[in-house]
Amino acid sequence: MNKTFEELTNELKNNGIRLSHQRLKILEYINNHRTHPTVDEIYTDLLDEIPTLSKTTIYNTLNTLIETDLVKLLTIEENETHYDINFENHGHFKCESCKKIFDFDIDIDSLEIKGLDDFKIKHKDIYFKGVCPECSKK
Ligand SMILES: [Zn+2]
Ligand SMILES: [Zn+2]
């Protein structure tokens, strides 16, 4: 299940993580923007509100959230790192036109997989690529 903002902040407190104003704002941002933002996107969007914000602070905050298992890294293209706060079983669709990444519901654990019987699976991802409805209209 996905956590509420309050549950997220409680979990950080329980892990002894200091909740500075900037950290809370970053957490709030990724909780409200479910399109898997990159550090650059978070930076650009929050800069008006927090002029003292630096990309290093965002990186460090996100790394802390990853260590606390509140955020996941999402690497679809080698050169882009997105952040995902959705912990429900889901797949990703990347629009090749607007570059947005959309979640879709899929039960990854129920997929029938052949040939991996002796493999230890550590991570499962499903990626689709194409064009989103908004871009298809253009
Ligand atoms: Zn699109
Ligand atoms: Zn996602």
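You'll find the structure just up there.
Below, the structure is looked at part by part. Every chain begins its residue count from 1, and numbering advances along the sequence as written. Here the convention is simple: chains get letters from A, ligands get numbers from 1, in the order in which they are written. Reporting of local features is limited, given that this is a predicted model, to residues whose pLDDT is at least 70; pairs of side-chain atoms are given and counted only at 80 or more, and all residues count toward the totals for whole chains, interfaces and linings. Note that the side-chain values use all heavy atoms of the structure and ignore hydrogens as well as water.

**Notes on the pairing of strand β3 (residues 90-95)**
Sheet faces and side chains relate simply in a regular strand, where the side chains alternate between the two faces. Formally: Buried residues are those whose accessible area, probed at 1.4 Å on protein chains only, stays under 20% of the maximum for their type, while exposed residues exceed 50% and partly exposed ones sit between those limits. Comment: elements are numbered from the N terminus, with helices defined as DSSP H or I runs of at least four residues and strands as E runs of at least two. Two strands make a pair as long as DSSP finds a minimum of two bridges between them.
When you tally the buried positions in β3, you get five out of six residues, the bulk of the element. Following β3, the chain reverses through five residues before pairing antiparallel with strand β4 (residues 101-105); Lys99 in that reversal takes a positive phi of roughly 70°. Examined bridge by bridge, β3 and strand β5 (residues 127-130) share four bridges and lie parallel to one another. Bridging from a neighbouring strand, Phe93 pairs with Phe128 of β5.

**Quick notes on the coordination of the zinc ion (ligand 1)**
Selection rule: Distances define the donors: N, O and S atoms within 2.8 Å of the metal qualify, as do those within 3.2 Å of Na, K or Ca. Water is excluded, so some sites may look unfinished. Irregular is the default label, applied whenever a site is not tetrahedral (four donors, all angles between 85 and 135 degrees) and neither square planar nor octahedral (four or six donors, opposite donors over 155 degrees apart, all other angles between 65 and 115).
Surrounding the zinc ion (ligand 1) are the protein donor atoms Cys95 (SG), Cys98 (SG), Cys132 (SG) and Cys135 (SG), which sit 2.3 Å from the metal. Taken together, the four donor atoms surrounding the zinc ion (ligand 1) define angles of 104 to 118° at the centre, an arrangement classified as tetrahedral. Within one chain, the residues serving as donors to the zinc ion (ligand 1) are arranged as C-x2-C-x33-C-x2-C. Linking Cys95 in strand β3 with Cys132 in the loop between β5 and α5 (133-136), this pair joins segments that are 37 residues apart in sequence. By the burial criterion, Cys95 is buried, and Cys132 matches it.

**Side note on the pattern of salt bridges**
Put simply, the rule is: One side-chain nitrogen of Lys or Arg within 4 Å of one carboxyl oxygen of Asp or Glu is enough to make a salt bridge.
Applying the stated criterion across every chain, the model contains seven salt bridges. Note that Lys25 and Glu49 form a salt bridge whose closest N and O atoms lie 2.9 Å from each other. Of this pair, Lys25 sits in helix α2 (residues 21-32) while Glu49 sits in the loop between α3 (39-46) and α4 (55-67), and the two are 24 residues apart along the sequence. The salt bridge partner of Lys94 is Glu80, with a shortest N-O separation of 3.1 Å. With a gap of 14 residues between them, Lys94 in strand β3 and Glu80 in the loop between β1 (72-74) and β2 (82-84) connect regions that are remote in the sequence. Under the relative-accessibility criterion, Glu80 is labelled partly exposed at 23%. Three or more residues joined by partner-sharing salt bridges are found here, namely Lys25, Glu28 and Glu49.

**Overview of the sheet that holds β4**
Note the threshold: An axis is simply a line fitted to the C-alpha atoms; with a helix, the fit covers only the stretch in contact. Between two such axes, the angle follows the N-to-C directions and lies from 0 to 180 degrees.
Strand order in the open sheet formed by three strands is β4-β3-β5, with mixed pairing between adjacent strands. With one partner strand each, in any of the chains shown, β4 and β5 form the two edges of the open sheet. For this sheet, the mean inter-axis angle between neighbouring strands, taken without regard to orientation, is 30°.

**Quick word on the packing of α2 against α3**
Packed helices, taken two at a time, are described by the angle their axes make and the gap between the axes. What counts here: An angle below 35 degrees is read as roughly parallel, one above 145 as roughly antiparallel, one from 65 to 115 as roughly perpendicular, and any other as oblique. If you view the pair so one helix is near and one far, a crossing is left-handed when the near helix is turned anticlockwise from the far one by less than a right angle, and right-handed when it is turned clockwise. By definition in these notes, contact holds between two residues if any of their heavy atoms fall within 4.5 Å. Three categories are distinguished: nonpolar for Ala, Val, Leu, Ile, Met, Phe, Trp, Tyr, Cys and Pro, charged for Asp, Glu, Lys and Arg, and polar for the others, with Gly belonging to the last.
Here α2 crosses α3 at 110°, and the two axes come no closer than 11 Å. One finds that α2 runs roughly perpendicular with respect to α3. α2 and α3 meet at a crossing whose hand is right-handed. On the side of α2, the interface is formed by Lys25, Ile26, Tyr29 and Ile30, while α3 contributes Glu41, Ile42, Asp45 and Leu46. Among the residues forming the contact of α2 with α3, the class breakdown is five nonpolar, no polar and three charged.

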